[in-house]
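The residues making up each chain are set out below.
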Amino acid sequence: MITVLRAGPLTTVQDLGRPGYAHLGVPRSGALDEPALRLANRFVGNPDDAAGLETTLLGCTLRFDRAALVAVTGAVAQVGVNGRPVERPHGQQLFEVPAGGVVDIGRASRGVRSYVAVAGGIAVEPVLGSRSTDTLSGLGPDRLTDGVTLPVGTPSGGAPLVGEPARIGGELVLGIRLGPRDDWFVSHGLFGSSYQISPLSNRVGARLAGNALTRTNVGELPSEGVALGAVQVPADGQPIIFLADHPTTGGYPVIGVVGDVTPLAQARPGTTVRFRELD
């Protein structure tokens, strides 16, 4: 059992999500930085789809009732066990926690989200086949609060792996496929300037701030289906890139779809974003 001593501003249980339910209005959800969660699980010998914790910017503090094998990946942050720092050079993200031990994941110095995996996985009850917290629909476990307890599953006995963490930071260049409503805009405006990640971004979407896109069609749309990575443009002309907890339909036109949204999981407010068109 794990007791949450400090939940941080937004710590949630996440796995690889619940794909296949968009036709029922259920987003995929799941870890925003999926490769980081997969890596953390592999470090502790879990299957890739085991549930772990996703923290946001300020980390969290956890007490382990039993000895555990733990890994932390994702954002660069100081990690401590019982008040002593854990050394985390490249490839050494894995550490043991004694029974009663307290693990503190501190403020992210680079990136946004840290991922905490424990051998056996976080064993909350699944909903529609996933243990992920969906912050938009409310499906899955609640976001963590101080004092809540989390069950831990039985370790699978898989051999822990060692690997290289992803590099974090710097300007993002995102590949985008235009459509279905790119003809509603002066679309070259998307490529002619840079944007910055807005502080209003969250797990639903990355809001961008920059030169407003110019509409060439002032009509209205009925709600249409939207996918992960869809770039929706509301009335103010500032694009929103939909992330894991995005709605499954929307009424604002979608100018294009980003091919890989993973880098946005670790993009701090103010990060510069540019677009390039994909074939």
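Provided above is the structure to which this section pertains.
Structure report, in brief.

The rules behind the values
Residues numbered from 1 in each chain as written. Predicted model: local features only at pLDDT ≥ 70, side-chain atom pairs only at ≥ 80, totals over all residues. Heavy atoms only, no water. Helix = DSSP H or I, 4+ residues; strand = E, 2+ residues; numbered from the N terminus. Pairing = 2+ DSSP bridges. Buried < 20%, exposed > 50% of the residue type's maximum accessible area, 1.4 Å probe, protein only. Contact = heavy atoms within 4.5 Å. Salt bridge = Lys/Arg side-chain N within 4 Å of Asp/Glu carboxyl O.

**What to know about unusual backbone geometry**
Okay, step 1: With an omega of 10 degrees, the peptide bond between Gly179 and Pro180 qualifies as cis.
Okay, step 2: Considering the arrangement of structural elements, one finds Pro180 in the loop between β10 (172-178) and β11 (195-197).
Okay, step 3: Positive phi is not limited to glycine here, since Leu57 has a value of about 65 degrees.
Okay, step 4: Its location among the elements puts Leu57 in the loop between β3 (52-54) and β4 (60-64).
Okay, step 5: Of note, the phi angle at Asn82 is positive, near 50 degrees, even though the residue is not glycine.

**Quick look at the pairing of strand β12 (residues 205-210)**
Okay, step 1: Two strands pair when backbone bridges link them, and β11 and β12 are joined in this way by three bridges, in the antiparallel orientation. Directly across from Tyr195, in β12, lies its bridge partner Gly210.
Okay, step 2: Relative to strand β15 (residues 240-242), β12 runs antiparallel, the two sharing three bridges. Each bridged residue has a counterpart across the sheet, and for Arg207 the counterpart in β15 is Ile240.

**Brief notes about the environment of Val231**
Okay, step 1: Within the fold, Val231 resides in strand β14 (residues 230-232).
Okay, step 2: With a relative accessible area of 0%, Val231 lands in the buried category.
Okay, step 3: Along the chain, Val231 and Leu243 lie twelve residues apart, while their C-alpha atoms are 9.8 Å from each other.
Okay, step 4: Excluding its chain neighbours within four sequence positions, the residues that come into contact with Val231 are Ile176, Pro239, Ile240, Ile241, Pro253, Val254, Ile255, Gly256 and Val258.

**A short note on the pattern of salt bridges**
Any two side chains of opposite charge can pair if their charged atoms end up close together.
Okay, step 1: Applying the stated criterion to the full structure yields ten salt bridges.
Okay, step 2: Asp104 is the salt-bridge partner of Arg6, the closest N and O atoms lying 3.1 Å from each other. With a gap of 98 residues between them, Arg6 in strand β1 (residues 2-6) and Asp104 in strand β8 (residues 102-118) connect regions that are remote in the sequence.
Okay, step 3: Overall, the relative accessible area of 28% leaves Arg6 in the partly exposed class.
Okay, step 4: Between Glu224 and Arg181 there is a salt bridge whose closest N-O contact spans 2.4 Å. Of this pair, Glu224 sits in strand β13 (residues 224-225) while Arg181 sits in the loop between β10 and β11, and the two are 43 residues apart along the sequence.
Okay, step 5: Judged by relative accessible area, which is 23%, Glu224 ranks as partly exposed.
Okay, step 6: Taken together, the shared-partner salt bridges in this structure form one network comprising Arg28, Glu34, Arg38, Arg42 and Asp48.

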